[in-house]
Amino acid sequence: MEAKPKPLTWLLELDPYVGGESTIEGVSRIIKLASNESAFGISPKAREALAAMADDFFRYPDGGCTELRARLAAKHNLPAENLVCGGGSDDLISLLMRCYAGPGDEVLVSAHGFAMFPIYGKGVGATVVTAPENDITVDVDALLARVTHRTRIVCVANPNNPTGTYIPVSEVTRLHAALPSNVLLLLDSAYAEYIDAANWTDGAELVAKYDNVIMLRTFSKIYGLGGMRVGWLYGPDHVVDVINRLKSPFTVSTAAQVAAVAALDDDAFVTMSQDHNKRWRRWTSETLRQFGLTVPESACNFVLVRFPGTNGHDANAADAFLKTRGIIVRKMAGYGLPDALRITIGTEEEMRLVVDTLGTFMGAH
Ligand SMILES: *Cc1c(COP(=O)(O)O)cnc(C)c1O
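Just so it is clear, the model here is predicted, and its values are computed rather than measured. (Residues numbered from 1 in each chain as written. Predicted model: local features only at pLDDT ≥ 70, side-chain atom pairs only at ≥ 80, totals over all residues. Heavy atoms only, no water.)

Focus: the site of the ligand
- Around the ligand, the structure places 13 residues, and the nearest of them are D188, T218, S220, K221 and R229.
- With respect to the ligand, the side chain of N161 contributes an N or O atom lying 2.7 Å from an oxygen atom.
- Contact between the ligand and K221: an oxygen atom at 3.3 Å from a side-chain N or O atom of the residue.
- Contact with the protein chains hides 93% of the accessible area of the ligand, taken as 390 Å² for the molecule alone. (Near = heavy atom within 4 Å. Polar contact = N/O pair within 3.5 Å; in protein donor to acceptor, adjacent residues only side chain to side chain. Areas by Shrake-Rupley, 256 points an atom, 1.4 Å probe, with all protein chains shown as cover.)

Points about the domain arrangement of the protein chain
- What the domain assignment lists for the protein chain is domain 1 (9-37 + 268-361) and domain 2 (44-264).
- Its C-alpha centre places domain 1 at a distance of 24 Å from the equivalent point of domain 2.
- Taken together, the contact pairs 29 residues of domain 1 with 29 residues of domain 2.
- Counting each side, the surface lost to burial between domain 1 and domain 2 is near 2300 Å², with a carbon and sulfur contribution of 67%.
- A per-residue breakdown of the area domain 1 buries against domain 2 is headed by W10, A299 and Y335, which together make up 24% of the total.
- At the boundary of domain 1 and domain 2, one finds one salt bridge.
- D196 is paired through a salt bridge with K278; the nearest N and O atoms lie 2.9 Å apart. (Domains from an automatic or database assignment. Contact = heavy atoms within 4.5 Å. Buried area = accessible area lost by both parts, 1.4 Å probe. Salt bridge = Lys/Arg side-chain N within 4 Å of Asp/Glu carboxyl O.)

What about the state of the cysteines?
- On inspection of all chains with the given rule, the structure shows zero disulfides.
- Unpaired in terms of disulfides, C85 finds its nearest cysteine sulfur in C65, a separation of 4.3 Å.
- Since its relative accessible area comes to 2%, C85 is described here as buried.
- Cysteine C155 shares no disulfide, and the gap to the nearest cysteine sulfur, in C99, comes to 14 Å.
- By relative accessible area, which is 2% here, C155 ends up buried. (Disulfide = S-S within 2.5 Å. Buried < 20%, exposed > 50% of the residue type's maximum accessible area, 1.4 Å probe, protein only.)

Quick word on the pattern of salt bridges
- Using the criterion set out here, one finds 18 salt bridges in the structure.
- Of the charged contacts, one joins D339 and R306 as a salt bridge, the two residues approaching to 3.0 Å between their closest N and O atoms. Taken together, the positions of D339 in the loop between β11 (330-331) and β12 (340-344) and R306 in strand β9 (residues 302-306) put the pair 33 residues apart, joining distant regions of the chain.
- On the accessibility criterion, D339 (25% relative accessible area) is partly exposed.
- With a closest N to O distance of 3.0 Å, D319 and K323 form a salt bridge. A residue pair is termed a helical-turn pair when its members lie 3 or 4 positions apart in one helix, as D319 and K323 do in helix α11 (residues 315-324) at four residues.
- Residue class for D319 comes out buried when judged on its relative accessible area of 4%.
- On the accessibility criterion, K323 (17% relative accessible area) is buried. (Helix = DSSP H or I, 4+ residues; strand = E, 2+ residues; numbered from the N terminus.)

Following this line, the structure appears as structure tokens:
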């Protein structure tokens, strides 16, 4: 028999990412609350800028994302030369793994952390080490207990997807202080725009101060540009230098750059989204709790809903029931939470419908 080309052996152990569903057979009107997308669609300013740019899309994009980085730097008061834009923050997570970890190395993650960390960690042949959580919240001591001389990157999404919980700045600082200086701390602040806790940090001041911290941000959530693929990181000089060596030059398309620059200026859209999210996240959480469901306090644009599992009230049955009404949410078994569903905060109408449907499911009315 002829030999076939052989992939890297560890890739065959890797389970591909499974995104949120978007269709239900036989249902024409779908309510999709499965991927933490913006409740209000794309930023209107971004939509306008895109339409005006269409004639320029035959040109290659600016590989350095010069204008976008300058705007981000001005808005966040950061040095533009320490920012790197990527095709979504996923692209940047993948780059970081490729730059800093390989076979024989360890990547440390939290039990119910973001799915892309283990996927890209395993993808480069590293061993992914998982630390348990405390009350579905990142447990700094559990992470630190698993740091070895092989640890290269510690990944923390804060606040975290899919749990919605966060650790305060004191815990982030304590984690960083106890890490060896050659271990990278990746702070993924994808939900930065939704959290308003005074004791939280996006990590920027740690990046400014230390050589081993990276902050990650995205345009996929509050800016409503998930389909455009733009994320960015803020890192120390030496990390940015290495990433820029490996980075594909054109992963952030011209359209994505134009949309992101325009969205960044759309303060009215961001403020409206923040106010809406806060209000409906609270209403959704409180009402679902009245039905006997467990809903951890969320700092994001989604809630994690845990089912008791008694009298047929489990997550799978709830998911199937929601689907019969055209509502798609996210099942959580892949995140080690088979008792839970994750529900994105959508419009008022969508939230009233999903909550009412779960009330019926739980026999609350
Ligand atoms: C949604 C999300 C992202 C964003 O990923 P993109 O590739 O920028 O769309 C990053 N990190 C976390 C934790 C997320 O939930």
